[in-house]
Amino acid sequence: MAESGSQVKVLIVEDNPLNMRLIEMTLRTGGYHLLRAADGEDALAMARKEKPSLIIMDIQLPGMSGLEVTRLLRRSPEFAGTPIIALTAYAMKGDETRFLEAGCSAYVPKPIDIRKFPKLVADMLSRGSGGG
Ligand code: MN
């Protein structure tokens, strides 16, 4: 039996299946329990049900945007301190401020750097669980 209960849960919110697979691949060695959502509604439902330790949030989603999802999550005390890493296909000047104001902890432009990304996730998880 898989011991998913003892694993750190990471929720990936991404509507593009190829990007989803790439992100999963970069995180495979981390031993995380990976959860997936393809749109904002899914993401909110999954987050509330599973209470992930970290969320990777694509900004360009069908329907509700990743920023809207992030804002909604941040309104709830249980997600006040959850690291949320925003992913965006294009970032313009000023966007970073917008992402951080919406409640994103960090933002990564696509295509993600497959060597740096797992380290960022690990760093954010250790920061998030540090307490205090
Ligand atoms: Mn997208």
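Residues numbered from 1 in each chain as written. Predicted model: local features only at pLDDT ≥ 70, side-chain atom pairs only at ≥ 80, totals over all residues. Heavy atoms only, no water.

Draft legend 1. Examining the coordination of the manganese ion more closely. On the protein side, the manganese ion has Asp15 (OD), Asp58 (OD) and Gln60 (O) as donor atoms, found 2.1 Å from it. Mapping the donors of the manganese ion onto the primary sequence yields the spacing D-x42-D-x1-Q. Of this pair, Asp15 sits in the loop between strand 1 (9–13) and helix 1 (17–27) while Asp58 is found in strand 3 (residues 54–58), placing the two residues 43 residues apart along the sequence. Under the relative-accessibility criterion, Asp15 is labelled partly exposed at 35%. (Donors = N, O, S within 2.8 Å, 3.2 Å for Na, K, Ca; no water. Helix = DSSP H or I, 4+ residues; strand = E, 2+ residues; numbered from the N terminus. Buried < 20%, exposed > 50% of the residue type's maximum accessible area, 1.4 Å probe, protein only.)

Draft legend 2. Molecular detail of the side chain of Thr70. With respect to the helices and strands, the residue Thr70 is situated in helix 3 (residues 66–75). A relative accessible area of 0% places Thr70 in the buried class. Setting aside its immediate chain neighbours within four residues, Thr70 contacts Met57, Ile84, Ala102, Gly103 and Cys104. (Contact = heavy atoms within 4.5 Å.)

Draft legend 3. Highlighting the sheet that holds strand 2 (residues 33–37). Taken together, the five strands give an open sheet; going across it, the order is 2-1-3-4-5, and neighbouring strands pair in parallel fashion. Sheet topology places strand 2 and strand 5 (106–109) at the edges, where each strand pairs with a single neighbour. Going from strand to strand, the sheet's axes swing by 20 degrees on average, the running direction of each strand aside. Bridge count for strand 4 (residues 84–88) against strand 5 is four bridges, and the pairing is parallel. For Thr88, the partnering residue across the bridge sits in strand 5 and is Pro109. (Pairing = 2+ DSSP bridges. Axes fitted to C-alpha atoms, helices over the stretch in contact; angles between N-to-C directions.)

Draft legend 4. Here's a closer look at the packing of helix 2 (residues 40–50) against helix 3. Contact geometry for helix 2 and helix 3: axes closest at 10 Å, N-to-C directions at 25 degrees. The angle between helix 2 and helix 3 falls in the class roughly parallel. Seen from above, helix 2 lies across helix 3 with right-handed handedness. The segment helix 2 lies against helix 3, with Gly40, Ala43, Leu44 and Ala47 engaging Val69, Leu72 and Leu73. For the contact of helix 2 with helix 3, a count of residues per class yields six nonpolar, one polar and no charged. (Parallel < 35°, antiparallel > 145°, perpendicular 65-115°, else oblique. Left-handed = near helix turned anticlockwise from the far one by under 90°. Nonpolar A, V, L, I, M, F, W, Y, C, P; charged D, E, K, R; others polar.)

Draft legend 5. How the structure looks around the side chain of Thr82. Within the secondary structure, Thr82 is located in the loop between helix 3 and strand 4. On the basis of relative accessibility, which here comes to 7%, the residue Thr82 falls in the buried class. In this structure Thr82 touches Pro52, Ser53, Leu54, Ile55, Arg74 and Ser105, once residues within four positions along its chain are discounted.

Draft legend 6. Region of interest: the nonpolar core. Of all hydrophobic cores here, the largest spans 18 residues; its most connected members are Val10, Ile23, Leu27, Leu54, Ile56, Phe117 and Val121. In terms of residue count, helix 5 (residues 117–128) provides more of this core than any other element does, four residues in total. Ignoring anything within four residues of it in the chain, the contact list for Val121 reads Leu27, Tyr32, Leu54, Ile56 and Ile85. In terms of nonpolar packing, the next biggest core, distinct from the first, is built from 15 residues, Leu11, Ala37, Ala43 and Ile55 among them. (Core = buried A, V, L, I, M, F, W, Y, C linked by side-chain atoms within 4.5 Å.)

Draft legend 7. Expanded view of the packing of aromatic side chains. A full pass over the atoms with the stated rule returns one aromatic pair. Each ring, one from Phe99 and one from Tyr107, has its centre 5.0 Å from the other, and the planes form 65 degrees; the classification is edge-to-face. Judged by relative accessible area, Phe99 falls into the buried class, the value being 2%. (Phe/Tyr/Trp six-rings, centres within 6.5 Å; stacked < 30°, edge-to-face > 60°.)

Nothing here speaks to function; it is all geometry.
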